[in-house]
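Listed below, chain by chain, are the residues.
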Amino acid sequence: MRMLVLGGTRFLGRRIAEQAMGLGHAVTCAARGLSGAAPPGARFVTVDRDRADGLDALKGEWFDAAVDVARHPAQVQGALAALEVRIGHWTFVSTISVYADTQTRGQRAGTAPLLAPAENGPYGPAKVACERAFGDAALICRAGLIVGPGDPTGRFGSWIARLARGGEVLAPAAPEDPVQLIDARDLAAWIVHGAERGLAGPFDAVAPACTRRAFLDRCADALGAACTYAWADPAFLDRHGVGRDSGRFSLPLPLPDTIGDASRDVSATVAAGLTVRPLEETARDTLHWLETTGGPVTGLTADEEATLLAAWHAERG
Ligand SMILES: NC(=O)c1ccc[n+]([C@@H]2O[C@H](COP(=O)([O-])OP(=O)(O)OC[C@H]3O[C@@H](n4cnc5c(N)ncnc54)[C@H](OP(=O)(O)O)[C@@H]3O)[C@@H](O)[C@H]2O)c1
């Protein structure tokens, strides 16, 4: 295939380009060139989707398949207007943040209610508007938490770095709560697989859920670390100002108020070809990447965690 990745210079987009090239496809990555480079072997075309003439560099070209990672409806509409008739199959990388109900467990992509679309809205509603622009013929790939080597957010990486140190770990909420994520390499492989087969419609693109205890234990075991866990309930974390998603002073695993986002029923995606590597492999590869590149880690420092653990023990008497 001739494949276009609108993006392709950052995390997932880069993995998609690598995966497609590994399967023998000819890949063009199109971006401004500000976030990073396209992977070796891919053709890079400079575009700027914030400009009316920003996609002119692709004028007259055709592609069997295109993948878009955009977050802004205006950029999607611009790409469709400029390129649609010359693209065989579209994949839009969306997000599970499009869903209205973040609490009910076991929801499915085909039936779960969405947020109202908003052209200039925040992330979730804007992604809904992007999805609408693509329509029914596109593969709408609603990604969950994307992890693995190269992750610029540091969310999964902070758990890996923490678990690797061993000892008592401050863990948010309850051990039986669900965790759901996907290695960017597995997601990229499924997206290319979907493009090759002309897959269409909405799918949740995330691995089947496991429990929080299994997530932490399996990662720790894979890293050869001995860990015990202090399960801190959301009220304790709120009282001590611990953030819930990412960034400084946070514990980036979803808490019960968004647990529906971490327990999606992905049987349709698995039936459509999603295969996921063992979590242990993702954990080991991520630690190797962190150690060799100094990749980003967020969350709590060792001192901050020690202070919180002391408070947790003191509150329990
Ligand atoms: N990370 C997660 O856990 C998570 C979870 C759910 C869904 N998602 C979705 O997964 C996708 C992640 O994609 P990604 O990892 O490749 O990172 P990304 O940050 O979404 O990459 C954006 C890409 O678009 C390009 N770009 C940005 N502005 C542009 C412009 N004005 N004109 C042309 N190109 C522009 C960037 O390159 P330049 O800056 O060089 O132009 C970059 O290649 C996104 O769709 C995100 O919404 C992520």
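Numbering of residues starts from 1 in each chain and follows the order in which that chain's sequence is written. The predicted nature of this model means local features are confined to residues of pLDDT at least 70 and side-chain atom pairs, given and counted, to a pLDDT of 80 or more, with totals for whole chains, interfaces and linings taken over all residues.

With that settled, consider the overall build of the protein. What the protein contains, in helices and strands, is ten helices and 13 strands. C-alpha atoms define the radius of gyration in this analysis, and the globule rule sets the expected value at 2.2 Å times the number of residues to the power 0.38. Its C-alpha atoms give the protein a radius of gyration of 20 Å, within 12% of the compact-globule value 20 Å for 317 residues. Its C-alpha atoms give the protein principal-axis dimensions of about 70 × 40 × 35 Å. A residue pair is marked as a contact if its C-beta atoms, positioned from the backbone, fall within 7 Å. Sequence separation of 24 or more characterises 77% of the internal contacts of the protein that already satisfy a separation of 6 or more. Helical segments are the DSSP runs of H or I of at least four residues, strand segments are the runs of E of at least two, and each set is numbered from the N terminus.

Let's shift gears to helix 1 (residues 12-22). Structural remark: α-helix, 3.6 residues per turn; residues separated by three or four positions point the same way. To sort residues by exposure, count the other C-beta atoms lying within 10 Å of each residue's C-beta; 20 or more gives buried, 12 or fewer gives exposed, and values between give partly exposed, all with C-beta atoms placed from the backbone. With nine of eleven residues buried, helix 1 lies mostly within the body of the structure. When we look at burial in helix 1, the residues that qualify are Leu12, Gly13, Arg14, Arg15, Ile16, Ala17, Glu18, Gln19 and Ala20. Close packing links the buried residues of helix 1 with strand 1 (2-6), strand 2 (26-31), strand 4 (63-68), strand 5 (87-95), strand 7 (145-147) and helix 5 (184-197). Backbone geometry just after helix 1 places glycine 24 at a positive phi near 95 degrees.

So, on to the site of the ligand. For each residue, a C-beta atom is placed from the backbone, and the residue is labelled near a molecule or strand when this atom is within 6 Å of it. By nearness alone, 24 residues border the ligand, and Gly7, Phe11, Gly13, Arg32 and Ser35 come closest of all. Only helix 1, strand 5 and strand 7 provide two or more residues apiece to the shell around the ligand. Here the term charged refers only to Asp, Glu, Lys and Arg, the term nonpolar to Ala, Val, Leu, Ile, Met, Phe, Trp, Tyr, Cys and Pro, and the term polar to all other amino acids, Gly among them. Of the residues in the shell around the ligand, the class split is ten nonpolar, eight polar and six charged.

Turning next to the sheet that holds strand 5. Taken together, the seven strands give an open sheet; going across it, the order is 3-2-1-4-5-6-11, and neighbouring strands pair in parallel fashion. The open sheet is flanked by strand 3 (43-46) and strand 11 (201-205), the only strands paired with a single partner. Across the sheet, the axes of successive neighbouring strands diverge by a mean angle of 20 degrees, strand direction being ignored. Whether two strands pair depends on DSSP finding at least two bridges between them. In this sheet, strand 6 (residues 139-143) lies alongside strand 5 in parallel orientation, the contact comprising five bridges. Bridging from a neighbouring strand, serine 94 pairs with arginine 142 of strand 6. Docked against the sheet, helix 3 (residues 123-134) engages strand 5 and strand 6, running at close to 165 degrees with respect to strand 5. Only the contacting stretch of a helix is used when fitting its axis, a line to C-alpha atoms as for every element, and angles between N-to-C directions run 0 to 180 degrees. Strands in contact with helix 5 are strand 1, strand 4, strand 5, strand 6 and strand 11; relative to strand 5, the strand with the most contacts, it is inclined by about 150 degrees.

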